[in-house]
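A structural walkthrough
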Amino acid sequence: MIIQVLVNGIISGSIYSLIAFGFTLIYGVMNFFNMAHGAVYLLGAYLGYALCVKLNIYFPIAAALATAIVATLMLLIDNIAFRPLRTKKAPGWAFIIISIGIATLLEACVTMVFSSDVRSLTKGPIQPGYEFLGAIITRNQLIILIAAVSIMVLLTFFLNKTKIGKAMRGTADNPEMAIVVGIPVDKVYRVTFFFGSALAAIAGILVSLDTDIDPNIGNPALLKGIVASILGGIGNISGAFWGGFLLAMIENFAVWIIPGGWKDGISLVVLILFIMIRPSLFGIEIEK
Amino acid sequence: MDLIYHLLTMSGIYVILTLSLNLTVGYAGLFNLGQGAFFGIGAYTAALLSIKLGFPFLIEIPTTALVTGLLGMIIGVPALRLSGDYLALATFGLGVIVYTILNNWISFTGGPMGIPGIPRPTIFTLSFNSSASYMLLVTVFALLIIVFMNRLTRSAFGRVLLAIREDETATLAIGKNTSKFKILAFLVCAFIAGIAGSLYAHYISFVDPSSFTTAESFLIFSMVVFGGMESIPGSILGATTLILFPESLRLLGIPTFYAAQIRKMLYGLLLVIIILKRPQGLWGKYPF
């Protein structure tokens, strides 16, 4: 039983990490909390569903296509909404409010197009899972785990080794200095937003492999992303990775004892406890 | 005619909610994304007090406000250690946990089924069963709260809140206990939201968790931003416009499901436009 809980924790942890990775990347470089992150996740899940089930495209291609479409759309939204705010040097709350507006808009669009019914990506009878040290793990869950971890590893490599990745880290560290040394900061922001949104979209698509989707999954996902990022120290990418797994473990072990409906509440209790006792597990201080 | 009464009643309730949120968001600069939670706590407290304990309206409404206010304060204390954007995150999480509690504590809150059969109030021999009389009752409450907020924001207390928003360190330096003022602002905000919750519960005569989601908090928040921060006429204008304007969709004969989604889309779009084009809101005076 303990191993089953651990396995479940690792599977949902990989999703939480993916969400937190994008959230923390956007926060770290662009310095605002993207409240539309959950809506992007939702949009990814539904677009993946539409391409895969309605248009009958092979899943990996549908997933890549959906991610690219969602990320491009977010790039467009960035151009319309966030970029003018950046040029105006608007305060953080303006970004939060505008991202809430975008989240509401996207969520309503998804609900309108796909109705509020529960949708499922997988058809036919439930596949028997593999047995692993007494725990059951399905093929789709394995796909989720492998895909999520390899995407995060690739992205870390990208951030550490490529020129634009280094520019992103430089901008995150000190935007003024980045301008002075000739980093194209605006391009960096756009690339960041593109990749951050792509991560949320991928997370949504991967989740639909394992569970049913409905138009209300966006905000809980955002909450998970926020809590995982804060656990890991917001803006800290490896922290977001571990934060996601840690949160999932806490949740799964708690749900073992108390009813599953309380799951979202647990994340918040964890968040509040952390804020009160120790602002961040891996270094960076919360209070400014 | 009934539709007009209904709209005026709802406008009144939302004017109260928006005014109280404006105190924390607009005046004190505390980003509270959990107003829907306070609204919900108020509505549930009113429902439980009047059904389970049979409190008469005149005793029930101050008790509800007090309970909500105290809960708001207790919840507010850990959240207030955070500043700016982090407070927005914590209060957003708060909204999720309150929703989780309402949904899962079935023996106490009725879970997803909610609490039906909340009676319309009776004050002495006066009963407010007709929609016209209830509209009058709500209007009286709204007017009282407008007067109260008008006085409060011009008082020394209101000026300290403004000072905290502008420069907390300086306010601390001139000998004001800023934490105390911030907690008080949260208390007043939750207190008034409790009144609105009670009025709502008695009006709809049924409460369920789906009315108090984070979307609700975002809606009230958009009313504040749309009308204008730090402005009482702005809040009144913002709340009534955002209630009345989407109702015109109903007159066009669009089915309820689509009307609800279009309404959400309009809210989102309005929020984006207002931040980009007129960040101080329709009638506010807090630009960046």
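Position labels on residues start from 1 in each chain and follow its written sequence. Both sets of labels track the order of writing: A upward for chains, 1 upward for ligands. A pLDDT threshold of at least 70 governs which residues receive local features in this predicted model, and a stricter bar of 80 or more applies before side-chain atom pairs are shown or counted, although totals over entire chains, interfaces and linings include all residues.

Only DSSP runs of H or I covering at least 4 residues are called helices, and only runs of E covering at least 2 are called strands; the numbering of each starts at the N terminus. On a plain count of helices and strands, chain A comes out with 11 helices and two strands. Scanning chain A from its N terminus toward the C terminus, one meets helices and strands in the order α-α-α-α-β-β-α-α-α-α-α-α-α. Taking 288 residues into account, the globule formula puts the C-alpha radius of gyration at 19 Å, and chain A, at 19 Å, falls close to it. Projecting the C-alpha coordinates of chain A onto the three principal axes gives extents of approximately 60 × 45 × 35 Å. Every one of the 288 residues in chain A was classed for burial, and the buried ones make up 49%. Values of the radius of gyration come from C-alpha atoms, whereas the globule rule sets the reference at 2.2 Å times the count of residues to the power 0.38. Exposure classification rests on a simple neighbour count of other C-beta atoms within 10 Å of a residue's own: a residue reaching 20 or more is buried, one at 12 or fewer is exposed, and one in between is partly exposed. C-beta atoms are placed from the backbone.

What follows concerns the overall build of chain B. Tallying secondary structure elements over chain B gives 12 helices and four strands in all. Reported as C-alpha extents along the three principal axes, the dimensions of chain B are approximately 55 × 45 × 35 Å. Burial analysis of chain B (288 residues in total) assigns 55% to the buried set. Of the contacts made within chain B by residues no fewer than 6 positions apart, 79% connect residues no fewer than 24 positions apart. Contacts here follow a simple rule: the backbone-placed C-beta atoms of the two residues must lie within 7 Å.

Attention shifts here to the confidence of the model for chain A. A residue's pLDDT is the confidence the predictor assigns to it, expressed on a 0 to 100 scale. The predicted model of chain A averages 86 in pLDDT, with 93% of residues at 70 or higher. Confidence drops under pLDDT 50 across residues 282–288 of chain A; counting only partners more than four residues distant or on other chains, this segment forms 24 contacts.

Relative to the assigned elements, A:Val269 resides in helix 11 (residues 263–277). Sequence separation between A:Val269 and A:Val70 is 199 residues, and the spatial gap between their C-alpha atoms is 32 Å.

Residue and element names in this part refer to chain A. At their nearest, the axes of helix 2 (residues 37–54) and helix 8 (residues 185–210) sit 7 Å apart, and the two run at 50 degrees to each other. Taken together, the axes of helix 2 and helix 8 are oblique relative to one another. Judged by the twist between their axes, the crossing of helix 2 over helix 8 is right-handed. Contact residues: helix 2 offers His37, Val40, Tyr41, Leu42, Leu43, Gly44, Ala45, Gly48 and Tyr49, while helix 8 offers Ser197, Ala200, Ala201, Ile202, Ala203, Gly204, Ile205, Val207 and Ser208. Of the residues contributing to the contact of helix 2 with helix 8, the split by class is 12 nonpolar, six polar and no charged. Each axis is a line fitted through C-alpha atoms, taken for helices only over the stretch in contact, and angles between the N-to-C directions span 0 to 180 degrees. Angle categories are assigned with fixed cut-offs, so that under 35 degrees is roughly parallel, over 145 is roughly antiparallel, 65 to 115 is roughly perpendicular, and the rest are oblique. Here a crossing is taken to be left-handed if its near helix is turned anticlockwise relative to the far helix by less than a right angle, and right-handed if that turn runs clockwise. Basically, the charged four are Asp, Glu, Lys and Arg, the nonpolar ten are Ala, Val, Leu, Ile, Met, Phe, Trp, Tyr, Cys and Pro, and anything else, Gly included, counts as polar.

Counting residues at the interface gives 35 residues for chain B, matched by 37 residues for chain A. Mapped by element, the contributors of at least two residues to the side of chain B that touches chain A are helix 4 (84–104), helix 10 (214–227) and helix 12 (256–277) of chain B. The element best represented in the side of chain B that touches chain A is helix 4 of chain B, accounting for 14 residues. In terms of residue class, the side of chain B that touches chain A is built from 23 nonpolar, nine polar and three charged.

What follows deals with the nonpolar core. Formed by 187 residues in total, the largest nonpolar core has its most connected members in A:Ala201 and B:Ile16. Apart from the residues within four sequence positions on either side, B:Ile16 is in contact with B:Phe141, B:Ala142, B:Ile145, B:Ile192, B:Ile195 and B:Ala196. Note on terminology: a nonpolar core is any set of buried Ala, Val, Leu, Ile, Met, Phe, Trp, Tyr and Cys residues joined through C-beta atoms within 7 Å.

Attention shifts here to the environment of B:Leu282. Residue and element names in this part refer to chain B. Mapped onto the fold, Leu282 is located in the segment after helix 12. As a C-alpha pair, Leu282 and Ser235 span 47 residues in sequence and 9.3 Å in three-dimensional space. Excluding its chain neighbours within four sequence positions, the residues that come into contact with Leu282 are Phe226, Gly227, Gly228, Gly234, Leu237 and Gly238.

This next bit is on the confidence of the model for chain B. Looking at chain B as a whole, its pLDDT mean stands at 87, while 98% of the residues score no less than 70. Among the scores for the predicted complex, ipTM is 0.82 and pTM is 0.86.

Residues and elements named next belong to chain B. The first and last C-alpha atoms of helix 6 (residues 131–154) sit 34 Å apart over 24 residues, in line with the 34 Å expected at 1.5 Å per residue. Along helix 6, the positions that sit buried rather than exposed are Tyr134, Met135, Leu137, Val138, Phe141, Ala142, Ile145, Met149 and Thr153. Its buried side turned inward, helix 6 meets helix 1 (2–27), helix 7 (156–166), helix 9 (178–204) and helix 11 (232–251). How far a helix is expected to stretch is found by multiplying one less than its residue total by 1.5 Å.

This brings us to unusual backbone geometry. Positive phi is not limited to glycine here, since A:Asn56 has a value of about 60 degrees. Inspection of the secondary structure assignment puts A:Asn56 in the loop between helix 2 and helix 3 (59–88). Taking the number of C-beta atoms within 10 Å as the measure of exposure, A:Asn56 has 8 and is therefore exposed. At B:Ser205, a residue that is not glycine, the phi angle is positive and equals roughly 65 degrees.

On to helix 7 of chain B. All names here are of chain B. For helix 7, the full list of buried residues reads Val160, Leu161 and Ile164. Here the buried residues of helix 7 occupy an arc of 100 degrees about the axis, which is enough to place them on one side. Summarising the contacts, the buried residues of helix 7 are in contact with helix 1, helix 8 (168–173) and helix 9. In this description, one arc is meant: the one made by directions from the helix axis to the C-beta atoms.

Let us look at the packing of helix 1 (residues 2–30) of chain A against helix 10 (residues 237–257) of chain A. Residues and elements named next belong to chain A. Running from N to C, helix 1 and helix 10 cross one another at 140 degrees; their axes reach a closest spacing of 7 Å. With respect to helix 10, the axis of helix 1 lies oblique. Judged by the twist between their axes, the crossing of helix 1 over helix 10 is right-handed. Contacts between helix 1 and helix 10 involve Val5, Asn8, Gly9, Ile10, Ser12, Gly13, Tyr16, Ser17, Ala20, Phe21, Thr24 and Leu25 from the first element and Ile237, Ala240, Phe241, Gly243, Gly244, Phe245, Leu247, Ala248, Met249, Asn252, Phe253 and Trp256 from the second. A class-by-class count of the residues in the contact of helix 1 with helix 10 yields 15 nonpolar, nine polar and no charged.

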